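Each chain, letter by letter, is given below.
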Amino acid sequence: MNVLVINAGSSSLKYQLFDMKNEKILAKGLCDRIGLDGHLKHKPEANDKPVYDEDISLPTHAEAISAVIEKLTSDEYGVISSLSEINAVGHRVVHGGRKFSSSVLINDEVVAAIEDCVRLAPLHNPANLMGIRACQEGMPNVPQVAVFDTAFHNTIPEYAYTYPIPYKYYEENDIRRYGFHGTSHRFVSDVALQELGLKNGKSRLITCHLGNGSSLAAIFSGKSVDTTMGVTPLEGIPMGTRCGSVDPSLVDIIASVDGISLKEAMDVLNKKSGVLGIYGKSSDFRDIETAAGVNIDTGFMKEGAPIDARAKLALDVFSYQVAKFIGSYVVALGGLDALVFTAGIGENSPYVRRSICKHLGGIGLYINEKVNAVRVSEYLDVSGEKTKPKVLVIPTNEELAIARDTIEIVKK
Ligand code: AMP
């Protein structure tokens, strides 16, 4: 069975076609600048046909899906011979609100519920819906499945998801902690539990999804019991451009200092803060580490390299805040069996892993410096000899997780 995984943004649409017999990618690509001029990059993976990388007109998501189907089935760039070889489509949907605690087959009722969550994710859910509608139009007979970023966190207990604000905002407006990156936290925690032989029974994991957007999850016996992102992805640890948890009065203070509206002040916290705000020149950890004098391949300091103090400070603030949340989650879980690093920074930055773990000796957590200094694209145990909790690096694969859920639901 082949599954097409779709991740639709407001002006982009990423796709991967999986052969689920062996979970191999047949082709993947990106439609970009939808609604503007349009560009499609399509890469066959199952054969040596060439990459297609051209500007093409993509006025709406519907045209983008048509272009994707055309490329997937074409003689020159294709990997399947006709649309009938796509057996199901899996959609990443950002917000499932209180309604969805797992992935679902899409029908009119599900579409209406995703629409209802637009008020909670006004930037993302409308784009996800455009992707769903475009696929329903272009592939009317193919079953479609929605996989929600929030669903994995639906097991968080009431005392952890309730904000200490007037209760009417929860009752009347559904304002509470939801959390995001759920598909990634679930994927890497499943791998960790499998590898550690903890699949059945009591287990305590903290997963750190550290990428452009970053979040942590506390996972007890395979279920999320707390996470750092909130009603929106702004809360929690500092990120590339988002501030994470700060004094909420800052919104008012920034607005009055800069003479801007509250909405513009929110933009400062979403788009100009985080490590970019502190360093000032880039939100990319490779740039920041290089400026701080780090050898990004080993994570050790380069001898004699100049050290930009603000770059170093940005890394120190990030690592300290991540470690602080890890400490609080050890309390939430009543102990810790393993700490898991994933996503762009978690998988690829030995420096960040080490500087986070340097704060964690108090909970008996140590890494093996030598093993940690290697970058690999697969499961890696970087635990130190004396460590109590294990420290693991596990590459995330949200697309594969979506494809697996899709197959499971379609087969039912
Ligand atoms: P993601 O959002 O998961 O794609 O992660 C993007 C982040 O990962 C960016 O900040 C990148 O700078 C960071 N990243 C990717 N490779 C490395 C690396 N080798 N060292 C440090 N950071 C990296």
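Please read these numbers as outputs of a predicted model, since none were measured by experiment.

What counts and what doesn't
Residues numbered from 1 in each chain as written. Predicted model: local features only at pLDDT ≥ 70, side-chain atom pairs only at ≥ 80, totals over all residues. Heavy atoms only, no water. Core = buried A, V, L, I, M, F, W, Y, C linked by side-chain atoms within 4.5 Å. Buried < 20%, exposed > 50% of the residue type's maximum accessible area, 1.4 Å probe, protein only. Helix = DSSP H or I, 4+ residues; strand = E, 2+ residues; numbered from the N terminus. Contact = heavy atoms within 4.5 Å. Arc of directions from axis to C-beta. Pairing = 2+ DSSP bridges. Salt bridge = Lys/Arg side-chain N within 4 Å of Asp/Glu carboxyl O. Expected span 1.5 Å × (residues − 1). Near = heavy atom within 4 Å. Polar contact = N/O pair within 3.5 Å; in protein donor to acceptor, adjacent residues only side chain to side chain. Areas by Shrake-Rupley, 256 points an atom, 1.4 Å probe, with all protein chains shown as cover. Phe/Tyr/Trp six-rings, centres within 6.5 Å; stacked < 30°, edge-to-face > 60°. Lys NZ or Arg CZ within 6 Å of the ring centre and 35° of its normal.

Structural notes on the nonpolar core
Okay, step 1: I206, L210, I326, L339 and I356 are the most contacted members of the largest nonpolar core, which has 38 residues in total.
Okay, step 2: Counting residues per element, the ones that place at least two in this core are β9 (204–210), β10 (214–220), α9 (274–279), α10 (285–291), α11 (309–333), β12 (338–342), α13 (350–357) and β14 (390–393).
Okay, step 3: Tallying contributions element by element places α11 first for this core, with 10 residues.
Okay, step 4: Leave out the neighbours within four places in its chain, and I356 touches L210, S319, V322, A323, I326 and F341.

What to know about helix α8 (residues 262–271)
Okay, step 1: Among all positions in α8, only A265, V268 and L269 are buried. End-on view of α8: buried residues confined to an arc of 90°, all on one side of the axis. For α8, exposure combined with an orientation more than 90 degrees from the buried face picks out K263 and K271.

Brief notes about the sheet that holds β10
Okay, step 1: Taken in spatial order, the 6 strands make up an open sheet running β11-β10-β9-β12-β14-β13, and their pairing is mixed. The open sheet is flanked by β11 (223–227) and β13 (380–381), the only strands paired with a single partner.
Okay, step 2: Where β10 lies against β11, 4 bridges are found, and the strand directions are antiparallel. In the strand pairing of β11, A218 is matched with D226.

Considering the pattern of salt bridges
Okay, step 1: Inspection of the entire model under this criterion finds 21 salt bridges.
Okay, step 2: Where E235 meets R177, a salt bridge forms, and the shortest distance between an N and an O atom there is 3.1 Å. Here E235 is found in the loop between β11 and α7 (249–258), whereas its partner R177 is found in the loop between α5 (168–173) and α6 (182–196), with 58 residues between them in sequence.
Okay, step 3: Taking the relative accessible area as the measure of exposure, E235 reaches 22% and is therefore partly exposed.
Okay, step 4: The exposure class assigned to R177 is buried, which follows from its relative accessible area of 11%.

A word on unusual backbone geometry
Okay, step 1: The backbone phi angle of E23 is positive, close to 60°, even though this residue is not glycine.
Okay, step 2: Turning to its location among the elements, E23 is positioned in the loop between β2 (13–19) and β3 (24–32).

A short note on α6
Okay, step 1: With 15 residues, α6 should cover 21 Å at 1.5 Å per step; its first-to-last C-alpha distance of 21 Å lies within 8% of that length.
Okay, step 2: Those residues of α6 that sit buried are G182, T183, S184, H185, F187, V188, S189, A192 and L193.
Okay, step 3: Contact partners of the buried residues in α6: β8 (144–148), β9, β10, β12, β14 and α15 (398–411).
Okay, step 4: Backbone geometry just downstream of α6 places G197 in the positive-phi region, at approximately 70°.

Focus: the site of the ligand
Okay, step 1: Neighbouring the ligand are 13 residues, the closest being N212, D284, F285, R286 and G344.
Okay, step 2: Contact distances for the ligand include 3.4 Å between an oxygen atom and a backbone N or O atom of I345.
Okay, step 3: The separation between a nitrogen atom of the ligand and a polar main-chain atom of N348 is 3.4 Å.
Okay, step 4: About the coverage of the ligand: the protein hides 78% of its 500 Å² of free accessible area.
Okay, step 5: The element contributing the most residues to the shell around the ligand is helix α12 (residues 343–348), with 4 residues.

Let's talk about the packing of aromatic side chains
Okay, step 1: Inspection of every chain in the model, using the stated rule, returns 6 aromatic pairs.
Okay, step 2: On the numbers, 4.4 Å between centres and 10° between planes, the contact of F100 with F148 is stacked. Placement of F100 in the loop between β6 (88–93) and β7 (104–105) and of F148 in strand β8 is noted, with a sequence separation of 48 residues between them.
Okay, step 3: Judged by its relative accessible area of 2%, F148 falls in the buried class.
Okay, step 4: Aromatic side chains F285 and F318 sit 4.9 Å apart centroid to centroid with 65° between the ring planes, which places their arrangement in the edge-to-face category. Here F285, found in helix α10, pairs with F318, found in helix α11; they are 33 residues apart in sequence, far enough to count as distant.
Okay, step 5: Judged by relative accessible area, which is 7%, F285 ranks as buried.
Okay, step 6: Exposure remark for F318: the relative accessible area of 1% places this residue in the buried category.
Okay, step 7: Put simply, the rings of Y161, Y167 and Y170 pair up and form one aromatic cluster.
Okay, step 8: Over the ring of Y161 we find R176; its NZ or CZ atom is 3.7 Å from the centre of that ring.
Okay, step 9: Residue placement shows R176 over the ring face of Y178; its charged tip is 4.7 Å from the ring centre.

Honestly, it's all geometry; don't read function into it.
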